[in-house]
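# Topology and contacts: notes
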Amino acid sequence: LSSGPSEEVAAELAKVSPRLTEADAFIVVTPEYNHSFPASLKTLIDWHNTQWQAKPVGFVSYGGLSGGLRSVEQLRQVFAELHAVTVRDSVSFHNCWGQFDETGALKEPEAATLAAKTLLDQLTWWGKALSEARSRTPYGS
Ligand SMILES: Cc1cc2nc3c(=O)[nH]c(=O)nc-3n(C[C@H](O)[C@H](O)[C@H](O)COP(=O)(O)O)c2cc1C
């Protein structure tokens, strides 16, 4: 077994790192496979450490019956270990294959639009609060 990602994957991860460093907040989009999030997402998360610290994370999930919600609940535990704050509300799409038209637009967007507004409001509040706090006192100091 390899102890880390391949050179090719590491090169792709390195491209993302500066964007994570600059960001004040994150929205993680995840599907659900066998009641959990995909290994590729875990690799991205694990490859970074300080980038998540004292920043908020929101979730958009999709899948079959559960709409990816089990992935989200497991990801909350992962991000707690990385000193990130996960926001309560998320956007989820159950049976996602039936919810979008051929252009990729939602057939019935009302509920998801409302959920997205709630998620973004919470993420913005936490993003501003934690950005101010980090600039006053660097996290962990
Ligand atoms: C092997 C496999 C396992 C899956 N397990 C779940 C599951 O546990 N819960 C769920 O809601 N959907 C499950 N699904 C449905 C996927 O979440 C769905 O197909 C989703 O579109 C996959 O996202 P992706 O195509 O972006 O990778 C599963 C699909 C496959 C192929």
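Below you will find a few notes about this structure. In this convention, every chain numbers its residues from 1, walking through the sequence in written order. Totals for whole chains, interfaces and linings use every residue, but because this is a predicted model, local features are given only for residues with pLDDT of at least 70 and side-chain atom pairs only at 80 or more, for both listing and counting. Excluded from the side-chain calculation are hydrogens and water; included are all heavy atoms of the structure.

### What to know about the packing of helix 1 (residues 7-22) against helix 2 (residues 39-47)
Fitted lines through C-alpha atoms serve as axes, helices being fitted only where they are in contact, and the angles separating the N-to-C directions of these axes extend from 0 to 180 degrees. Going along the chain from the N terminus, every DSSP run of H or I of four or more residues is numbered as a helix, and every run of E of two or more is numbered as a strand. At a minimum axis separation of 10 Å, helix 1 and helix 2 run at an interaxial angle of 60°. By the angle class used here, helix 1 and helix 2 are oblique. The handedness of the crossing between helix 1 and helix 2 comes out as right-handed. Of helix 2, the residues touching helix 1 (which contributes Val9, Ala10, Leu13 and Val16) are Thr43, Leu44 and Trp47. Considered class by class, the residues forming the contact of helix 1 with helix 2 number six nonpolar, one polar and no charged. To sort the angles, those under 35 degrees are grouped as roughly parallel, those over 145 as roughly antiparallel, those from 65 to 115 as roughly perpendicular, and the leftovers as oblique. In this scheme the handedness of a crossing depends on how the near helix is turned from the far one: anticlockwise by less than a right angle means left-handed, clockwise means right-handed. A contact between two residues is defined here by any heavy atoms of the two lying within 4.5 Å. Each residue is assigned to one class: nonpolar for Ala, Val, Leu, Ile, Met, Phe, Trp, Tyr, Cys and Pro, charged for Asp, Glu, Lys and Arg, and polar for all the others, Gly among them.

### Overview of the site of the ligand
Residues are classed as near a molecule or strand on a simple rule: at least one heavy atom within 4 Å of it. Around the ligand, a shell composed of 13 residues is seen, among which Glu32, Tyr33, His35, Tyr62 and Gly64 lie nearest. For the shell around the ligand, the residue count by class is six nonpolar, five polar and two charged.

### Section: the pattern of salt bridges
Salt bridge, as applied in this entry: a Lys or Arg side-chain nitrogen positioned within 4 Å of an Asp or Glu carboxyl oxygen. Scanning the entire structure with this criterion turns up seven salt bridges. A salt bridge links Lys15 to Glu12; the nearest nitrogen and oxygen atoms lie 3.0 Å apart. On the criterion of helical spacing, the pair formed by Lys15 and Glu12 is a turn pair, its members being three residues apart in helix 1. Note on Lys15: relative accessible area 54%, which makes it exposed. Given a relative accessible area of 45%, Glu12 falls into the partly exposed group. Between Asp46 and Lys42 there is a salt bridge, and its shortest N-O distance comes to 2.9 Å. Relative accessibility decides the category of a residue: with a 1.4 Å probe and only protein chains considered, values under 20% of the type maximum give buried, values over 50% give exposed, and everything between is partly exposed.

### A look at the packing of aromatic side chains
Two aromatic rings, drawn from Phe, Tyr or Trp (for Trp, its six-membered ring), form a pair once their centres lie within 6.5 Å of each other, and the interplanar angle then sorts them: stacked below 30 degrees, edge-to-face above 60, tilted otherwise. The final tally for this structure, using the stated rule, is five aromatic pairs. Judged by centre distance (5.2 Å) and plane angle (80°), the ring pair of Trp52 and Phe79 falls under edge-to-face. Taken as a pair, Trp52 in the loop between helix 2 and strand 2 (56-62) and Phe79 in helix 3 (residues 69-81) lie far apart in primary sequence, 27 residues in all. Comparing Trp52 with Phe79 shows no difference in burial state: the two are buried. Among the aromatic residues, those joined into a ring-pair cluster are Phe26, Trp52, Phe59 and Phe79.

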